[in-house]
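# Fold and geometry: a report
The primary structure of each chain is shown beneath.
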Amino acid sequence: MSGAVRFALGLGLAGVIAGVALWVGKDPVDADGTAGDGGAAALTAQGGAQPPVFTSSRQCKGCHAELYAEWEASHHAISYTNPEVRKLSDDFAQKECRTCHLPVPILVSGVGQRTIFRQERPDEGVDCLSCHLDPQGRIAGRHASDKGCMPVASADSVKVELCESCHNQHLTTDQWRASRFAKDGVTCNTCHMPEVERAGGRKGLDHRWLGAHDLATLKKGGELRVERKDDRLAVEFENVGCGHNFPTEERHRAVDIVWRVVAPDGLDKPGAELAFTRLYRFRQPYRGDPGPNTQLPAGETWKGEIPVPADGAGKVLQVRLLYKLTPFVEDDDASVLDERRFEL
Amino acid sequence: MLLFLSLPSCGREEPADVGAGDGKQAQAQQAGGATSSPLPAVGTYAGADVLARWAERFARVPATAYDAPLPALDDARRAELVDKWATATTSSRRMARYAAEARDQLMQDRPAALAALAAFLELPSNPPDDELRALTMIADYDAPAVVGFCLRHLTDENRLVRLWCVRRLGELDAPHAVPRLLVRIREFYEEDPEVLAAVFETLAIHGNLAGLSRLLAWVGDPAWVERAGPSLIRIVGTCGTPYDESEGWDGLLAKARLHERNWRETGVADRPATAPAGGAPAPENGGGHEAAGDGAPDDRAERDYLAQREWWLLLRDFDEFQLRPVDEARFAAREGGVAAVALLREALGDQRVNVRMPALEALLELRRPGKPCAPEVATLFGDRLCRATALNVYGAIGADDALEVLTRVVDAAPATPATAAPAAPGAPGREVLIAALHGLAELGAARLDLVDMLARRLAATDEDELHAWYLAALLASSRSLRAGYEADLDKMLADKRYHEPTLLEIRRKYR
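No experiment lies behind these values; they were computed from the predicted model shown.

### Comments concerning the overall build of chain A
Looking only at helices and strands, chain A features 12 helices and 11 strands. For chain A, with 344 residues in total, the buried portion stands at 37%.

### As for the confidence of the model for chain B
Residue and element names in this part refer to chain B. Considering every residue of chain B, the mean pLDDT works out to 82; 84% of them sit at 70 or more. Summarising per-element confidence for chain B, the mean pLDDT is lowest in helix 1 (residues 2-5) (36) and highest in helix 24 (residues 464-477) (96). Confidence over residues 1-40 falls short of pLDDT 50; this stretch has 75 contacts with residues more than four positions distant or in other chains. Taken as a whole, residues 275-297 scores under 50 in pLDDT and shows 55 contacts with residues more than four places along the chain or in a different chain. The ipTM value of the predicted complex is 0.77, and its pTM value is 0.81.

### Section: the nonpolar core
In this structure, B:Leu344, B:Val377, B:Tyr394, B:Leu406, B:Leu437 and B:Ala472 are the most contacted members of the largest nonpolar core, which totals 169 residues. Those residues within four positions of B:Ala472 in sequence are excluded, and the remaining contacts are B:Leu437, B:His438, B:Ala441, B:Ile506 and B:Tyr510. Counting residues in hydrophobic clusters, the runner-up holds 24 residues, among them A:Leu218, A:Val255, A:Ile257 and A:Tyr323.

### Topic: the pairing of strand 6 (residues 232-239) of chain A
All names here are of chain A. Taking every second residue as pointing to the same face, the buried face of strand 6 carries Leu233, Val235, Phe237 and Asn239, while none of Arg232, Ala234, Glu236 and Glu238 on the other face is buried. Where strand 5 (residues 222-229) meets strand 6, eight bridges bridge the pair, whose relative direction is antiparallel. Bridge assignment links Leu224 to a residue of strand 6, and that residue is Phe237. Between strand 5 and strand 6, which pair antiparallel and follow one another directly, the connecting turn spans two residues, one of which, Asp230, has a positive phi of 55°.

### Topic: the sheet that holds strand 7 (residues 254-262) of chain A
All names here are of chain A. Within the open sheet, the four strands sit side by side as 8-7-10-11. Their pairing is antiparallel. What marks the edges here is a single partner per strand, and that holds for strand 8 (277-282) and strand 11 (335-343). Neighbouring strand axes in the sheet, compared pairwise and without regard to direction, differ in orientation by 15° on average. Taken together, the eight bridges between strand 10 (residues 316-324) and strand 11 define a ladder with antiparallel strand orientation. Considered in strand 11, the bridge of Leu317 is made with Phe342.

### Comments concerning helix 3 (residues 65-72) of chain A
All names here are of chain A. Among all positions of helix 3, only Leu67, Tyr68, Glu70 and Trp71 are buried. Viewed along the axis of helix 3, the buried residues span an arc of 155°, placing them on a single side of the element. Packed against the buried residues of helix 3 are helix 7 (128-132) and strand 4 (203-205).

Analysis parameters
Residues numbered from 1 in each chain as written. Chains lettered and ligands numbered in written order. Predicted model: local features only at pLDDT ≥ 70, side-chain atom pairs only at ≥ 80, totals over all residues. Helix = DSSP H or I, 4+ residues; strand = E, 2+ residues; numbered from the N terminus. Buried ≥ 20, exposed ≤ 12 C-beta atoms within 10 Å, placed from the backbone. pLDDT = per-residue confidence, 0-100. Contact = placed C-beta atoms within 7 Å. Core = buried A, V, L, I, M, F, W, Y, C linked by C-beta atoms within 7 Å. Pairing = 2+ DSSP bridges. Axes fitted to C-alpha atoms, helices over the stretch in contact; angles between N-to-C directions. Arc of directions from axis to C-beta.

In structure tokens form, the structure reads like this:
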């Protein structure tokens, strides 16, 4: 063996040893807190015959980058850090909010049971482990596999009851059970976790849980119908797309039907300048606040009227359907779900 | 306890498994005893149906009890009696004779009159003075009935009604009003400052100083100080240290702060041996607080039964799915001082995790007054779902062997423990380590060997979350090296490492 070959072999061997040493020394979670390749390597390294040990949802990122990105963009990811939530909960001084915003894995505390507050990883909110870590420390999903995180198949991970542990705090799943959607087998996942295609043609369920924060999803929820009848506008609003009340969930949410009569050049002027009149508000009041719950149940229709002013010739009657994340949101800052205009 | 901690673990990386046995075993260990019986495996906790036991125990409601249901009135009878209330409370001189007649008639059927009074008070056309006259009339009714009326109307829309009810509850011998009064002092529940101040005073009369810290906080706010002053004077008087003008404002505040501190540490209000109802200084010949109002139960056992029954009516909501009533119960329990401890001890043994957890969380904030619950808390070390919180609570309530237990958990935990999966191999893991560190921070034991161990582990971890909680425990336990750990925590905040609100809370609580 020539000196050059011996040198090359020695260099190669040293490289292998150094590589192994570096690999073994690698922590499951990188120093910056992201798993990245380190997380994936750790899962594989610790895997083999033994399922991996989980310390953070960041470990999931290595193999499930797209899915992880979906979750990161969701409101589940910021459930405990969202400044809006922290403000409304008085920085979680209202302790009742904590159990859903930072839960112990639901498969551990009990599917369909009230959740338990988690004392770790506050920056991960409702994370991968919240829905997929089972009491044995295994990942539970739709399909079993002996690779990667070695998930076990579990029907619990796609059940309505999994969502119910948190989302029935505001009676959303009770509303669903009372609707035709439940009878037709349309579940939470059908609308909020539709099947999506990811890189390489792999199919999976959307982990963004689009809902109250997504205009396109909101627009599918209700149908506004406005018809002119002589001296009035007949207004109907039907909950056509939600398998629960519209709006549902937190008592903050409000859906308003508003209207105003403006000159044609004033149609785009803000409400602060040319105020709207509220025809109706769909909302469950805060506890202790007066008034009934006016959320619109699934499949039901609300009917109302707007008087057409006799002196409105040449003007336009503008009707808007607004969605507000809190009842205090100004009309101009609300999401416009629909708008109708009638020349007078 | 060391013996029980050193028993073999049941899985890999299980050194922090402090699973305890049944309640008797844990109690024996708390008392310094030892047992050779094997520990149950993690996750085998089995509690009793405490809620059912309570329901049975408190099912007995005396016929004259304050919360006996008022009679149901048909519409005609209700309208007739509401008319009588309107006549009875009129200030018109021409109607004086009719008013007297109406009062007599209302007195003849007091339960029905009380039932109709609620409807009368709801009439929007009532002049406020008439409503107050109506309330003054029922002041002469049997005390249990009045207590019942007052408790029902603590949330009345009319602030004058609420105020009257709160004050009357202070005048009557009704310690069982405390739990529902405590719920009223929750943030944002009672927004009228005069009513809220009256609630604080009535609580003090019944031996609960939970509102005192908030009343003291008002002192810094010019808008509230006028209301806080007279209330503080009455409260320190109730506590047996009557205010003298020569002491000045600072003297009053110092007295109030002393009472507040003592309340937080012991859960028992400073009271003179014979504190009178109403907060006035005790007369030399005693009497006062022990004196029952007209028709009030004069038997202490009966009153204790009613008070415990009131706690039960709140704590049974621990099992609610909707969290608001759970939170109200937890709030009242933690503000209840030692009065709530007896039922909390029992709640810790319930078979439902959603009863055990709120009880633990109430103890976490009750802190040292919750120490009698230590044996029951230790039992929950064997409960896979409650273990982390139980360790945290063990430090917060200052259990006798908390330092020993928590130190061992931390010392034995792996450097990078697995996340929460309580029944998994490797459990209890990460959440338990954090809870034990949190417990040590709450305990605040200044021990050199503890600081050494924590510092070693701090140096060995490269995880921000664990780093933050080692710092919390070190800040609470260390004296000479505090400055360095404070700087470390500040640097974490500046570098935005880990969850900012948690870091801020650690700084606020343990710095």
